[in-house]
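Listed below, chain by chain, are the residues.
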Amino acid sequence: MCIGWIAESLFAGVLVLAPAAVHAQRPAVAPAVLVVPGSTRALGVGDAYAALGADPDVIFYNPAQLVPARGLGVAVQRHGQGSRTISLSAVSVLAPGTIGLGVQILDQSTAAATYGALARTGESPLFARGPVLATGAVATVGYARTIFNLRVGAAAKIVHQQFGNERDVTPAFDVGVSRGSSYQVALVGRHLGHGLKLGGSSVALPREVALAGAIPRREVGPLDLAAAGSIAMRADGSLVGGGGTEWSYNPLDGFTFAARIGYRAIEGDASHLTLGAGFVGERFNLDYAFQASDGYGEVHRIGVRWR
């Protein structure tokens, strides 16, 4: 009982503090491919997925959560009339643990004069096209297992960024731990590594340490409730975060319909509100997520997963 109360209190604190922290400070991102959402379900709940996720897309959030994950995932995200992101993920058993693979490609072009200028503008340039190609990609391999009732995981990644005729590649890694069943708590270090050098600009990776909490499932009358929140401190001392809830209805065994609402920060004249919907079949998931923007356009993301 005491452990459950502590976990629930910690989760509630994360969910309450995350939106306030994000509203206060929104740091630069570099490269953007590391910070755009990596999961359609995650975007629907404010991109707070480090403790909630249990599917292949968790490779982009917390390698420790690979332990319960299985299957394949593919998704496409569009930022207004601007950039497009494609993500692929896969998870399988590799005894005594679980191995995961992930690829994200951000097709972007920009009007920024230098890569440093692009990095300082956050996510706003994702909604428009420009004359300079700024495509980013990251390939990730992760492994996780359970040790002393803790899920422990690590992931290595190769980050590639192009800016005009310049290119750079750098390694990075994530480490994470998580614990819980009715309540889950996770601690993750993400994007740990050196920065990129492009066109005379040196830009650090968005290194961060994140604390996340989640309630994976709780019955509320005829519906099931899931909730998640996360808050992260970046290397420059700024805070980012988000949170949200998912409400699902199970009319028949093996078939579930879900609706999601969340809060996520984004640079520019964008709404912080995110919405999502999903359908879960016996071995097939279809998800959709949406984020409005007052000045640039909307974010639309659709994903498919197989188990």
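Remember, predicted model here, so these are calculated numbers, not experimental data. (Residues numbered from 1 in each chain as written. Predicted model: local features only at pLDDT ≥ 70, side-chain atom pairs only at ≥ 80, totals over all residues. Heavy atoms only, no water.)

Colleague: Quick one: what's the story with the pattern of salt bridges, residue by residue and with numbers?
Modeller: By the definition in use, this model includes 11 salt bridges. For K157, the salt bridge goes to D174, with nearest N and O atoms at 3.0 Å. With K157 in strand β7 (residues 150-163) and D174 in strand β8 (residues 166-180), this residue pair connects regions lying 17 residues apart in the sequence. Of the two residues, K157 and D174, both sit in the buried class. One salt bridge in this structure joins R305 and D287, with 2.8 Å as the shortest N-O distance. Note that R305 is positioned in strand β18 (residues 299-306) and D287 in strand β17 (residues 284-293), a separation of 18 residues in sequence. Residue R305 is classed as buried on the basis of its relative accessible area, which comes to 10%. Here the salt bridges share partners, and the residues they tie into one network are R41, D55, E246, R260, D287 and R305. (Salt bridge = Lys/Arg side-chain N within 4 Å of Asp/Glu carboxyl O. Helix = DSSP H or I, 4+ residues; strand = E, 2+ residues; numbered from the N terminus. Buried < 20%, exposed > 50% of the residue type's maximum accessible area, 1.4 Å probe, protein only.)

Colleague: Go over the environment of L286 with me, naming the residues and quoting the values.
Modeller: Position of L286 relative to the elements: it lies in strand β17. Taking the relative accessible area as the measure of exposure, L286 reaches 35% and is therefore partly exposed. In the structure, L286 is positioned 245 residues away from R41 in sequence and 9.4 Å away in space, judged by C-alpha atoms.

Colleague: Summarise the pairing of strand β2 (residues 84-94); cite the residues concerned and give the values.
Modeller: The pairing of strand β1 (residues 71-79) with β2 spans 8 bridges and is antiparallel. Note on β2: the bridge partner recorded for L72 is A90. The antiparallel pairing of β1 with β2 creates a hairpin that spans 4 residues between the two strands, and G80 there sits at a positive phi of about 50°. Linking two consecutive strands that pair antiparallel, namely β2 and strand β3 (residues 97-107), is a turn of 2 residues. (Pairing = 2+ DSSP bridges.)

Colleague: Before we move on, can you summarise the nonpolar core with the specific residues and values?
Modeller: Core analysis: the largest hydrophobic core is formed by 22 residues, its most contacted members being Y49, L52 and L66. If you list the elements that add at least two residues to this core, you get β9 (184-192), β12 (208-220) and β13 (223-234). (Core = buried A, V, L, I, M, F, W, Y, C linked by side-chain atoms within 4.5 Å.)

Colleague: Help me get a handle on the packing of aromatic side chains, residues and values and all.
Modeller: Scanning the entire structure with this criterion turns up 5 aromatic pairs. Put simply, the rings of F255, F257 and F279 pair up and form one aromatic cluster. (Phe/Tyr/Trp six-rings, centres within 6.5 Å; stacked < 30°, edge-to-face > 60°.)

Colleague: Please set out the pairing of β1 residue by residue, giving values where relevant.
Modeller: Across the two faces of β1 the burial differs, with G71, G73, A75, Q77 and H79 buried and L72, V74, V76 and R78 not buried at all. Here β1 pairs with β18 via 8 bridges, running antiparallel. The residue of β18 that forms the bridge with Q77 is R301.

Colleague: Describe in detail unusual backbone geometry, supporting the description with residues and values.
Modeller: Omega for the bond connecting A95 with P96 falls within 30 degrees of zero, at 10°, which places this linkage in the cis form. Position of P96 relative to the elements: it lies in the loop between β2 and β3. For D47, which is not a glycine, the phi torsion comes out positive at approximately 65°. For D47, the location among the structural elements is in the loop between α2 (40-44) and β1. You will see that N149, though not glycine, has its phi angle at about 65°, which is positive. Under the relative-accessibility criterion, N149 is labelled exposed at 58%.

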